[in-house]
Amino acid sequence: MKNIAPKLPVEEYEKNFAELHPPLTSNSAITEANRCLYCYDSPCMKACPTHIDISTFIKKISTGNLLGSAKTIYESNWVPLTCAKACPVEVLCEGACVYNLTGEKPIEIGRLQRFAIENYFSKGMPVIFHKSPVNGKSVGVIGSGPAGLACGAELSLLGYKVTIYESNKIPGGLNTWGIAPYKMRREDSLKEVEMVKSFCVEIKTGTMIGRDIKVAELLNQHDAIFLGVGLGESPPLSIPGEKLPGVIGALEFIEKVKSENWEDVHVGKRVAVIGAGNTSIDAATEAKRLGAEQVFIIYRRSDVEMPAYKFEYDLAKKDGIVFHFLTSPKRIVGKYFVEGIECLKMKLGAADNYGRRRSSPIPGSEFIIPVDMVIKAIGQETKSSFLSSIPNLTLDNEGCVVVNPKNFQTTNPRIFAGGDCINGGKEVVNAAYDGKNAAHGIDKFLSLPYGGK
Ligand code: SF4
């Protein structure tokens, strides 16, 4: 990179990456819990993809039964600390709270959930779950992200021997590596990993399936397999200059920031982020908080069509991110390193099959934004080459694994799947739901006389 943003004093990084939402104190948690109306039809619970019994866990907080509250949460969700900190609660549980109808502040469900779970961890994870007797069957789980952890925890409590295979040296998947540090630190994810390990789930890190162990060997070793492999790399922009030093994928960049050795992460003085989803916003705000002077988000449609949530958009604007809407990159400029990005102005036309208006370039509207770094945040591809190597697995047109939505079984009866590899990229809470319910699908299948090896 030609122009690297100057390093900041350590305390400046700490300030920039400090938590957006601090924890509730005991008093404020009880006061907030007492505001809950314990609605009989709990719209908040219906809006949560894992259907946590929200009014019950809040009631238990209000009566001081904090371990009971944690147990209620865990009965539906095995990664509740991550969900409490990283879920888009504004559009899920809190967005459905009845207080919104009266114009009052919804119950702070996310922060209350965090309060109950952090209390549980601070007490040293006391035993609050009953483990079924060992049933002699084993399941291999590929991937230790939220889907894999949820599936592993649930199966272990059902009596299965579970081994999770993780290619990274540090487990937790996107919970550990993909969430902006001002939302959640790596240690939070690792606490949830420890919790799952405490159920005697083995996690083999640094083990890549397909390279270190073949899928066929796994099928020999285990009665069933769960795929929670998430997604792969960002797709190419397919424009000239993409290979120049200074061009990086958003997840690769976020992973570096998550290492928390902030002074070692190089960021350009001027940064362009391509795409306007939630990951783009994370990458843009992280670049700014690392010391970039100017950060631009370049998006081919308008703010109406942008996929990022409104609260993420608001956060980016607060951080001073500049949005170039109706703008598309044409080429990355530079001979030896990134010096700028040439863009075209776009105009909107008719809606596509998904209801979003198509954009098309305005001829002759090219202009150059001088930048030192380009972050690609236009989504992620599925791990289609790995998935295609698995026998009898069916992938859809987008490269996602096809499953039976009732039990998460793939077209290979001994293989189940969940999370981003079946949905193309949703929230952590969706993956947690898939993993838990796939565990029950596996349990049912392996209880059949012909199930398993
Ligand atoms: Fe409580 Fe709001 Fe849920 Fe009603 S909708 S139970 S008030 S959190």
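Above this text sits the structure in question.
What this report covers is the structure whose coordinates are included nearby. (Residues numbered from 1 in each chain as written. Predicted model: local features only at pLDDT ≥ 70, side-chain atom pairs only at ≥ 80, totals over all residues. Heavy atoms only, no water.)

Check the secondary structure of the chain and you find 18 helices and 14 strands. For a compact globule of 453 residues, the expected C-alpha radius of gyration is about 22 Å, and the chain comes in at 23 Å, within 12% of that figure. In terms of its C-alpha atoms, the chain occupies a principal-axis envelope of roughly 70 × 55 × 45 Å. With 453 residues in all, the chain has 55% of them scored as buried. Total accessible area computed for the chain in this model is approximately 19,800 Å², and 54% of it derives from carbon and sulfur atoms. Of note, the chain has its 53 positive side-chain charges centred 2 Å away from the centre of its 50 negative side-chain charges. (Helix = DSSP H or I, 4+ residues; strand = E, 2+ residues; numbered from the N terminus. Rg over C-alpha atoms; globule rule 2.2 N^0.38 Å. Buried < 20%, exposed > 50% of the residue type's maximum accessible area, 1.4 Å probe, protein only. Areas by Shrake-Rupley, 256 points an atom, 1.4 Å probe, with all protein chains shown as cover. Lys, Arg positive; Asp, Glu negative; His and termini not counted. Charge placed at Lys NZ, Arg CZ, Asp CG, Glu CD.)

Next up on the list: empty space enclosed by the protein. Under the criterion given, the structure shown has two cavities of 30 Å³ or more. What the largest cavity holds in volume is close to 120 Å³. Surrounding the largest cavity, 16 residues form its lining, Cys-48, Cys-87, Val-89, Cys-93 and Gln-113 being those nearest its centre. Contributions of two or more residues to the lining of the largest cavity are made by helix 6 (80–86) and helix 8 (109–122). Element by element, the count of residues in the lining of the largest cavity is highest for helix 8, at three residues. Each residue belonging to the lining of the largest cavity can be placed in one class, and the counts come to 12 nonpolar, four polar and no charged. Considering the residues around the second largest cavity, the lining is formed by 14 residues, among which Cys-36, Cys-39, Cys-44, Cys-97 and Ile-107 are closest to the centre. Looking at the lining of the second largest cavity, the element that brings in the most residues is helix 4 (residues 54–62), giving three residues. (1 Å grid on protein atoms, 1.4 Å probe; cavity = no way out; pocket = protein on both sides within 12 Å on 5 of 7 lines; lining within 4 Å. Points joined across faces, edges and corners; volume = space filled by probe spheres on them. Nonpolar A, V, L, I, M, F, W, Y, C, P; charged D, E, K, R; others polar.)

What follows deals with the pairing of strand 13 (residues 373–376). Neither face of strand 13 is left uncovered, since the one carrying Met-373 and Ile-375 and the one carrying Val-374 and Lys-376 both have all their residues buried. Pairing between strand 5 (residues 247–249) and strand 13: three bridges, direction parallel. When the bridges of strand 13 are listed, Gly-249 appears paired with Lys-376. Direction of pairing for strand 6 (residues 270–274) relative to strand 13: parallel, over a ladder of four bridges. Within strand 13, the residue paired with Ala-272 across the bridge is Val-374. (Pairing = 2+ DSSP bridges.)

Attention now goes to a negative patch on the surface. A cluster of acidic side chains, namely Glu-233, Glu-252, Glu-255 and Glu-381, defines a negative patch on the protein surface. Within the secondary structure layout, Glu-252 lies in helix 13 (residues 250–258). (Patch = residues over 30% accessible without salt bridge, like charges linked within 9 Å, V, L, I, M, F, W, Y side chains within 5 Å. Salt bridge = Lys/Arg side-chain N within 4 Å of Asp/Glu carboxyl O.)

One open sheet accounts for five strands, arranged 5-13-6-7-8; its pairing is parallel. This sheet does not close on itself; its edge strands, each paired only once, are strand 5 and strand 8 (322–324). Ignoring which end each strand starts from, the neighbouring axes of this sheet average 25° apart. When strand 6 meets strand 7 (residues 294–298), the two strands line up parallel, connected through five bridges. Residue pairing for strand 7: Val-273 is matched across the bridge by Ile-297. (Axes fitted to C-alpha atoms, helices over the stretch in contact; angles between N-to-C directions.)

Following the criterion strictly, the structure yields 25 salt bridges and no others. With a shortest N-O distance of 3.1 Å, Glu-19 and Arg-114 are connected by a salt bridge. Highlighted residues: Glu-19 in the loop between helix 1 (10–16) and helix 2 (26–35) and Arg-114 in helix 8, separated in sequence by 95 residues. Under the relative-accessibility criterion, Glu-19 is labelled partly exposed at 30%. A residue is classified by how much of its surface remains accessible, and Arg-114, at 6% relative accessible area, is buried. Note that Lys-105 is salt-bridged to Glu-108, the shortest N-O span being 3.2 Å. Note on Lys-105: relative accessible area 49%, which makes it partly exposed. Through salt bridges with shared partners, one network takes in Glu-19, Lys-85, Arg-114, Glu-118, Asp-188 and Lys-191.

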